[in-house]
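A structural walkthrough
These are the residues of each chain, in order.
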Amino acid sequence: MKTKLKKTVLISAVCTLCVLTAGCGSDLKSAVKTEDVRTGEALPEESGDTPLNENEEKQEPQQNGTGKWQVLAPDIAAAVDADFMGKVWKIEEDSFFIAEKKVKILDDGSLTTSSPSSNADIPDSQLIHVIFDDNTYFYVRTIHGSGEDHEDKEAGFQDLKEQMSIDMKGRFEDGVFYATEIRLSDFS
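What you see is a predicted model, and the numbers here were worked out from it, not measured in a lab.

Here is what the cut-offs are and how they apply
Residues numbered from 1 in each chain as written. Predicted model: local features only at pLDDT ≥ 70, side-chain atom pairs only at ≥ 80, totals over all residues. Heavy atoms only, no water. Salt bridge = Lys/Arg side-chain N within 4 Å of Asp/Glu carboxyl O. Helix = DSSP H or I, 4+ residues; strand = E, 2+ residues; numbered from the N terminus. Buried < 20%, exposed > 50% of the residue type's maximum accessible area, 1.4 Å probe, protein only. pLDDT = per-residue confidence, 0-100. Contact = heavy atoms within 4.5 Å. Phe/Tyr/Trp six-rings, centres within 6.5 Å; stacked < 30°, edge-to-face > 60°. Lys NZ or Arg CZ within 6 Å of the ring centre and 35° of its normal. 1 Å grid on protein atoms, 1.4 Å probe; cavity = no way out; pocket = protein on both sides within 12 Å on 5 of 7 lines; lining within 4 Å. Points joined across faces, edges and corners; volume = space filled by probe spheres on them. Nonpolar A, V, L, I, M, F, W, Y, C, P; charged D, E, K, R; others polar. Core = buried A, V, L, I, M, F, W, Y, C linked by side-chain atoms within 4.5 Å.

1. Details of the pattern of salt bridges
The final tally for this structure, using the stated rule, is seven salt bridges. Close ionic contact of Asp-124 with Lys-90 constitutes a salt bridge, the shortest N to O distance being 3.1 Å. Taken together, the positions of Asp-124 in the loop between strand E4 (111-114) and strand E5 (128-131) and Lys-90 in strand E1 (residues 84-91) put the pair 34 residues apart, joining distant regions of the chain. Judged by its relative accessible area of 27%, Lys-90 falls in the partly exposed class. We note a salt bridge from Asp-167 to Arg-183, for which the minimum N-O separation is 2.8 Å. In this pair, Asp-167 is assigned in strand E8 (residues 165-173) and Arg-183 in strand E9 (residues 176-187), connecting sequence segments 16 residues apart. Residue Asp-167 is classed as buried on the basis of its relative accessible area of 10%. A single salt-bridge network, built from bridges that share partners, covers Asp-81, Asp-167, Lys-169 and Arg-183.

And the structure:
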């Protein structure tokens with residue numbers, strides 16, 4: 001009787017482990033794929049800071065009707081104190097280009113962000129041109145510890161580095177972001 005009970009417990013544990021492994025695996029690509037019910041097309045998958053595989057399709061930029069790029073939704077903009085977020089991709093003499101950083105508010109109220117891997121091959125058509133002028137305020141926000149404490153220090157265009165995360169205030173016009181404020185992130 002004890003042997004039969006031990007076998008049952010062992011088999012139950014193995015089955016539970018298999019179900020948990022299959023359901024909670026770290027490979028999101030094997031999870032359920034979602035489709036847009038209106039078009040039947042597969043929706044882009046969420047990605048963190050991961051490179052695109054050769055077989056994966058490149059994501060199209062977010063569009064919501066009035067242009068290729070849009071500022072963040074008001075609730076997200078208020079939560080991050082920015083109109084748009086990105087990762088510096090190319091720096092030119094008097095402007096720069098960024099890759100979009102996606103931001104979402106989760107059901108529990110926390111924020112999640114994702115940006116392309118530093119190794120990703122992003123075509124120029126997917127980059128956002130950022131223009132600034134003499135009135136644009138640049139500053140570095142140094143975030144200490146777990147992010148509850150920070151210090152802001154004035155900065156300039158010369159402090160911008162490729163692959164740096166930035167948060168900006170401003171507006172889009174004809175697919176170009178005109179920045180009035182640019183916050184460079186520094187985590188210590």
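2. Describing the confidence of the model for the protein
Counting all residues, the mean pLDDT for the protein is 74, and 63% of those residues have values of 70 or more. Of all the helices and strands in the protein, helix H1 (residues 2-23) carries the lowest mean pLDDT, 45, while E5 carries the highest, 97. Scored below 50 in pLDDT, residues 2-10 shows zero contacts in the model against residues more than four places distant or in partner chains.

3. Focus: the packing of aromatic side chains
Taken as a whole and assessed by the stated rule, the structure comprises nine aromatic pairs. For the ring pair Phe-96 and Phe-132, a centre distance of 6.3 Å and an interplane angle of 35° mean the geometry is tilted. Taken as a pair, Phe-96 in strand E2 (residues 95-100) and Phe-132 in the loop between E5 and strand E6 (137-144) lie far apart in primary sequence, 36 residues in all. Taken individually, Phe-96 and Phe-132 each receive the classification buried, so the pair is uniform in this respect. Look at Phe-132 and Phe-157: their rings are 4.7 Å apart centre to centre, the planes differ by 40°, and that puts the pair in the tilted class. Within this pair, whereas Phe-132 is found in the loop between E5 and E6, its partner Phe-157 is found in the loop between strand E7 (149-154) and E8, the two being separated by 25 residues in sequence. Summarising the burial analysis for this pair, Phe-132 and Phe-157 share the class buried. In this structure an aromatic cluster arises from ring pairing among Phe-96, Phe-132, Phe-138 and Phe-157. The ring of Phe-97 carries the charged tip of Lys-90 above its face, separated from the ring centre by 5.2 Å.

4. Looking at the layout of surface pockets
Within this model, the second largest pocket holds a volume of roughly 300 Å³. Of all the secondary structure elements, the ones that give two or more residues to the lining of the second largest pocket are helix H2 (74-80), E4, E6 and E9. Top contributing element to the lining of the second largest pocket by residue count: E9, with three residues. Among the residues forming the lining of the second largest pocket, the class breakdown is six nonpolar, two polar and five charged.

5. A closer look at the nonpolar core
Across soluble globular proteins, nonpolar side chains show a tendency to be buried alongside one another. By size, the foremost hydrophobic cluster in this structure holds 21 residues, and its most contacted members are Phe-96, Ile-98, Ile-166, Met-168 and Ile-182. Looking at this core, the elements with two or more residues in it are E1, E2, E5, E6, E8 and E9. For this core, the element with the most residues is E9, which contributes four residues. In this view, Ile-166 contacts Phe-84, Met-85, Gly-86, Val-88, Phe-96, Ile-98, Leu-160, Ile-182, Arg-183 and Leu-184; residues no more than four positions away in its chain are not counted. In terms of nonpolar packing, the next biggest core, distinct from the first, is built from seven residues, Leu-72, Ala-77, Val-80 and Met-85 among them.

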